[in-house]
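Single-letter residue listing:
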Amino acid sequence: PVYLKLFMKKLLTKNWVIFLILLILAGANSYLFGLSRPQGWGDAIEYSAYAKNLINLAKYSIDGVNFCSFREPGYPFILFLAYSFFGIETLLSFLAVKISQILMLATGGFLAFKILTDFFGRRKMGILAGILTVLIPYYGYYAGDISTEMPFAFFLILSFFLILKIIKSHTNIFDFVFLGL
């Protein structure tokens, strides 16, 4: 028991182990709340239409005729990549999108861990924050859905991480401008 405790303590000092744990927990959360339910469509119909028209017609359009910027191009581009590699609206392309969103969830949890560890020196609190982040039921639900919520949450926490990194490193104020790009 003592050796196991020492082994676990040493193992948790490795960042890749923390990421692996968060990835496993994110996958379990997504399976429990997101992947195990039928696919809802809602806004996904429009995102998918944009991606299909980008592939088939090389147009950013919902109807395939007129340009339409009702939806931002970020998420349709994620679908475009999945559809390009795995086929349009196939089970495999949806699985690829969902796996990428599970990776976003795990990376978001890892960034929460890094924020508390790197900027505040609180490793144990960082591990807890990372675990709690990936176990939020709504994140599991949205990681298993064709929707923009998971990429939004990922880029939001990435922005916080980058802003703290810029502040801590005392870099030029113009780095904030580039952060917005």
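The following paragraphs examine the structure supplied in this document. (Residues numbered from 1 in each chain as written. Predicted model: local features only at pLDDT ≥ 70, side-chain atom pairs only at ≥ 80, totals over all residues. Heavy atoms only, no water.)

Among the nonpolar cores identified, the biggest contains 21 residues, and Ile18, Ala26, Leu105 and Met150 are the most heavily contacted of them. Of all the secondary structure elements, the ones that give two or more residues to this core are helix 2 (15–35), helix 5 (91–120), helix 6 (123–134) and helix 8 (149–169). When residues in this core are grouped by element, the largest group, ten residues, is from helix 5. Once you skip the residues sitting within four places of it in the chain, Leu105 turns out to touch Ala26, Asn29, Thr133, Val134, Tyr139, Gly140, Ala143 and Met150. In this structure, Ala51, Tyr75, Leu79 and Tyr83 belong to the second largest nonpolar core, which totals ten residues. (Core = buried A, V, L, I, M, F, W, Y, C linked by side-chain atoms within 4.5 Å. Buried < 20%, exposed > 50% of the residue type's maximum accessible area, 1.4 Å probe, protein only. Helix = DSSP H or I, 4+ residues; strand = E, 2+ residues; numbered from the N terminus. Contact = heavy atoms within 4.5 Å.)

This part takes up unusual backbone geometry. Notably, Ala58 is not glycine yet its phi reads approximately 55°, a positive angle. Note on placement: Ala58 falls in the loop between helix 3 (44–57) and helix 4 (74–86). At Glu89, a residue that is not glycine, the phi angle is positive and equals roughly 50°.

Counted according to the given criterion, the structure contains eleven aromatic pairs. A ring pair is formed by Tyr60 and Phe67, whose centres lie 6.2 Å apart and whose planes are at 45°; its orientation type is tilted. On the basis of relative accessibility, which here comes to 15%, the residue Tyr60 falls in the buried class. Ring centres of Phe154 and Phe155 lie 5.0 Å apart, and the angle between their planes is 65°; this geometry places the pair in the edge-to-face category. We classify Phe154 as buried; its relative accessible area is 14%. Among the residues examined, Phe155 registers a relative accessible area of 46% and is labelled partly exposed. One aromatic cluster in this structure is built from Phe19, Phe110 and Phe113. (Phe/Tyr/Trp six-rings, centres within 6.5 Å; stacked < 30°, edge-to-face > 60°.)

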